[in-house]
Amino acid sequence: MSYRLHAAVSDFDRLRLRTSGMPWAVVAPLAQRMGLLVLPDGLRADLPRTLSDLSQGGPVAQVEADFWGGDGHQTATLWRAGAREWGPVHTAEFDGPRDDWPINAALARLGVTRAAPGAPEYRDLFVEVGLGRGRNEEDWRRAALQAQDAADYDEWYAQTGAQREREERVAAERARYQRLPGVPVALDGREIIALLGIPRGRTVGAAVRVLQELHLERGPLSREEAEAALRAWAAEQGPGNASKRSTGSPRP
């Protein structure tokens with residue numbers, strides 16, 4: 001699997017402000033209020049001047065990485081107030097402390113903080129800020145375009161959180177009607193339809209899920225226990241509403 005990155009990383013809002021007059025520039029949001037600006041190959045000749053301009057008002061890290069099948073290299077440089085302050089630092093050997101790897105060292109100088117104590121070793125600053133989310137320039141351009149309508153980092157963060165909550169609700173709703181693999185039930189679909197007097201459809205799936213959750217909670221149910229549990233569940237939902245509420249385990 002390949003990974004290629006050549007970008008400027010800095011404060012998201014400041015980076016957007018500094019690139020407002022650059023038609024080629026799109027800034028992708030990262031964690032901890034950071035942003036990523038892809039640096040196209042065609043910009044190489046003007047790169048020092050561009051990084052000098054971007055670093056007016058705050059530090060900017062130029063980060064490069066190229067990997068294929070686990071082998072590759074990293075290079076990082078830090079610019080501040082129009083001048084190169086640190087680097088370039090380069091390595092193709094990654095057997096030393098992760099904090100010393102070039103991109104991690106540059107991110108630390110930007111103020112990116114480590115994961116909470118007890119996090120696995122691989123969760124270094126590179127992972128913490130989200131640089132592993134994209135594999136190439138096209139991935140980062142797509143992420144930038146998805147965030148371009150947000151006025152600032154806070155608005156993008158709120159929109160992203162709301163979207164994630166919507167997706168989680170949809171997933172939870174879908175799961176209520178899905179059979180758990182490998183978990184038996186005391187009644188099959190036809191028996192549930194006859195017992196509750198309901199048509200074929202998602203409500204049958206919800207009833208099956210209730211029985212499966214009870215099986216996981218209490219162990220195998222007898223037929224009589226399963227019928228009593230489903231009658232109690234259906235009564236709790238109300239007439240015609242057996243599929244509209246959570247399938248939390250009822251008490252027969």
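Everything below is about the structure printed above this text.
Residues numbered from 1 in each chain as written. Predicted model: local features only at pLDDT ≥ 70, side-chain atom pairs only at ≥ 80, totals over all residues. Heavy atoms only, no water.

**Topic: the packing of helix 7 (residues 189-196) against helix 9 (residues 223-237)**
Alright, step 1. For the pair helix 7 and helix 9, the least separation of the axes is 11 Å and the interaxial angle reads 55°. By the criterion of interaxial angle, the relationship of helix 7 to helix 9 is oblique. The handedness of the crossing between helix 7 and helix 9 comes out as right-handed. Along the contact surface, helix 7 presents E191, I192, L195 and L196, while helix 9 presents R223, E227, L230, R231, W233 and A234.
Alright, step 2. For the contact of helix 7 with helix 9, the per-class residue count stands at six nonpolar, no polar and four charged. (Axes fitted to C-alpha atoms, helices over the stretch in contact; angles between N-to-C directions. Helix = DSSP H or I, 4+ residues; strand = E, 2+ residues; numbered from the N terminus. Parallel < 35°, antiparallel > 145°, perpendicular 65-115°, else oblique. Left-handed = near helix turned anticlockwise from the far one by under 90°. Contact = heavy atoms within 4.5 Å. Nonpolar A, V, L, I, M, F, W, Y, C, P; charged D, E, K, R; others polar.)

**Some details on the sheet that holds strand 5 (residues 71-80)**
Alright, step 1. If you trace the six strands from one edge of the open sheet to the other, you get 2-3-1-4-5-6, paired in antiparallel fashion. Bordering the open sheet on either side are strand 2 (27-29) and strand 6 (83-91), each of which pairs with just one other strand. Averaged over neighbouring strand pairs, the angle between their axes works out to 25° when direction is ignored.
Alright, step 2. Two strands pair when backbone bridges link them, and strand 4 (residues 60-68) and strand 5 are joined in this way by nine bridges, in the antiparallel orientation. Residue pairing in the sheet places W68 in a bridge with D71 of strand 5.
Alright, step 3. Each of strand 1 (2-11), strand 3 (34-38), strand 4 and strand 5 is contacted by helix 2 (residues 47-54), which is oriented at about 130° to strand 4, the strand it contacts most. (Pairing = 2+ DSSP bridges.)

**So, the packing of aromatic side chains**
Alright, step 1. Scanning all chains against the criterion turns up seven aromatic pairs.
Alright, step 2. On the numbers, 5.1 Å between centres and 80° between planes, the contact of F94 with W101 is edge-to-face.
Alright, step 3. On the basis of relative accessible area, F94 is assigned to the partly exposed category, the value being 24%.
Alright, step 4. Plain terms: the ring middles of Y153 and W156 are 5.3 Å apart, the flat faces sit at 55° to each other, and that makes the pair tilted. Residue Y153 and its partner W156 are both found in helix 6 (residues 153-175); the two are separated by three residues, about one turn of the helix.
Alright, step 5. For Y153, a relative accessible area of 5% translates into the label buried.
Alright, step 6. Among the aromatic residues, ring-to-ring pairing joins F12, Y153, W156 and Y157 into one connected group. (Phe/Tyr/Trp six-rings, centres within 6.5 Å; stacked < 30°, edge-to-face > 60°. Buried < 20%, exposed > 50% of the residue type's maximum accessible area, 1.4 Å probe, protein only.)

Fair warning: the whole summary comes from geometry, so function is off the table for now.
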